[in-house]
Structures are given as structure tokens and as C-alpha cells.
Amino acid sequence: MKLNVLTNAIDRLRVTAFLEGMSLLILLGIAMPLKYMADMPQPVRVIGMAHGILFLLYVVLVINVKFAHKWAIGKTLVALCASVIPFGTFYVDAKWLRENK
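Residue indices begin from 1 for each chain and proceed along its sequence in written order. At least 70 in pLDDT is required for a residue's local features to be given in this predicted model, at least 80 for side-chain atom pairs to be given and counted, and no such filter applies to totals for whole chains, interfaces and linings, which use all residues. The side-chain numbers reported here are obtained from all heavy atoms of the structure, hydrogens and water having been left aside.

**Considering the side chain of Thr89**
(1) Moving on: Relative to the helices and strands, Thr89 is located in helix H4 (residues 88-97).
(2) Moving on: Working definition: with a 1.4 Å probe on protein chains only, accessible area under 20% of the residue-type maximum means buried, over 50% means exposed, and in between means partly exposed. Relative accessible area serves as the criterion here: at 2%, Thr89 is assigned to the buried category.
(3) Moving on: In what follows, a contact means two residues having at least one pair of non-hydrogen atoms within 4.5 Å. In this structure Thr89 touches Ala17, Glu20, Gly21, Tyr58, Ala82 and Ser83, once residues within four positions along its chain are discounted. Helix and strand assignments follow DSSP, with helices taken as H or I runs no shorter than four residues and strands as E runs no shorter than two, numbered in order from the N terminus.

Here it is, written out as C-alpha cells:
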């Protein structure tokens, strides 16, 4: 049985958007409070690094989808800005990425 998971740009972006969004929520909702309220900076280092890598991958994949699917510049900019807003990548997935399935 052959799995065709993540074979196109939209699927790769959807997975990365989910992971990037979750990493931002974990960073802001768990790691940062632990750092400042419990004096535990290690979670911020670990989750922050993972989030940074996922953020960069998300940006690259949004640009890839922009050219592969001929997204307008406005749509691309909204998708890029969504990556710095909590729950933003989930909005992009629901609004634009699921429609291509």
C-alpha cells in the first residue's frame, strides 16, 4: 500500500501550519508562564527553537504555495501575517487550504 501523504504543496503547508500554530500556542500558553512564574526557562528554549524552525518552514511553504497555486499577493501576505498571531494558521487552513482538498 502506497501512502500519498504530503505529496503536494498544500498538504505540506497544512501540516506545517498546524504544527507551527500549536508550537506558538504551547510557547505562549505553557512555556512562557513557566519561565516567568515558575522560574523554568528550559521549556522556552526547547519550544522556542522548535517554533522558530517551524515558523521558517511555514514561511517557505507559503511562498512555495503562492507560486504553485498562483495566490494573489494579498492572500500571501495574510497567510504570512497569520503565522505571528495565535490561532492565525488555523484560520488560514480553514479559509484557504481545506478548500483545495
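There's more to say after this.
**Digging into the pattern of salt bridges**
(1) Moving on: Every case where a carboxyl oxygen of Asp or Glu lies within 4 Å of a side-chain nitrogen of Lys or Arg is listed as a salt bridge. Evaluation of the coordinates by the stated rule reveals 2 salt bridges.
(2) Moving on: For Arg98, the salt bridge goes to Asp93, with nearest N and O atoms at 3.3 Å.
(3) Moving on: Using a relative accessible area of 12% as the deciding quantity, one classes Asp93 as buried.
(4) Moving on: The network of salt bridges with common partners includes Arg14, Asp93 and Arg98.

**Some details on the packing of aromatic side chains**
(1) Moving on: Any two rings among Phe, Tyr and Trp, with Trp reduced to its six-membered ring, count as a pair given centres within 6.5 Å; such a pair is stacked if its planes are under 30 degrees apart, edge-to-face if over 60, and tilted if neither. In this structure the tally under the stated criterion is 4 aromatic pairs.
(2) Moving on: Taken together, a centroid distance of 6.1 Å and an interplanar angle of 50° make the contact between Phe87 and Phe90 tilted.
(3) Moving on: Looking at Phe87, the relative accessible area reads 55%, which means it is exposed.
(4) Moving on: Measuring from ring centre to ring centre gives 6.3 Å for Tyr91 and Trp96, while their planes differ by 70°; the resulting arrangement is edge-to-face.
(5) Moving on: A relative accessible area of 46% means that Tyr91 is categorised as partly exposed.
(6) Moving on: One aromatic cluster is present, formed by Phe18, Phe87 and Phe90 through successive ring pairs.

**Examining a nonpolar patch on the surface**
(1) Moving on: On the surface, a cluster of nonpolar side chains totalling about 560 Å² of accessible area is made up of Leu6, Val15, Phe18, Leu19, Met22, Ile26 and Ile30.
(2) Moving on: Since its relative accessible area comes to 38%, Val15 is described here as partly exposed. Patch rule: a residue counts if its relative accessible area is over 30% and it has no salt bridge; like charges are joined within 9 Å, and nonpolar side chains (Val, Leu, Ile, Met, Phe, Trp, Tyr) within 5 Å. Computed by Shrake-Rupley with a 1.4 Å probe, the accessible areas treat only the displayed protein chains as cover when residues are assessed.

**What about the packing of helix H1 (residues 9-37) against H4?**
(1) Moving on: One can describe the packing of H1 onto H4 by two numbers: an axis separation of 8 Å at closest approach and a directional angle of 155°. Comparing their axes, H4 and H1 come out roughly antiparallel. Crossing of H1 over H4 shows left-handed handedness. For the pair H1 and H4, the contacting residues are Ile10, Leu13, Arg14, Ala17, Phe18, Glu20, Gly21, Met22 and Leu25 in the first and Thr89, Phe90, Asp93 and Leu97 in the second.
(2) Moving on: Under the grouping applied here, Gly and all other residues not named as nonpolar or charged are polar, the nonpolar ones being Ala, Val, Leu, Ile, Met, Phe, Trp, Tyr, Cys and Pro and the charged ones Asp, Glu, Lys and Arg. Among the residues forming the contact of H1 with H4, the class breakdown is 8 nonpolar, 2 polar and 3 charged. Only the stretch in contact is used when fitting a helix axis, every axis being a line fitted to C-alpha atoms; angles between N-to-C directions are given from 0 to 180 degrees. An angle below 35 degrees is read as roughly parallel, one above 145 as roughly antiparallel, one from 65 to 115 as roughly perpendicular, and any other as oblique. Crossing handedness follows the turn of the near helix against the far one: under a right angle anticlockwise gives a left-handed crossing, and clockwise gives a right-handed one.

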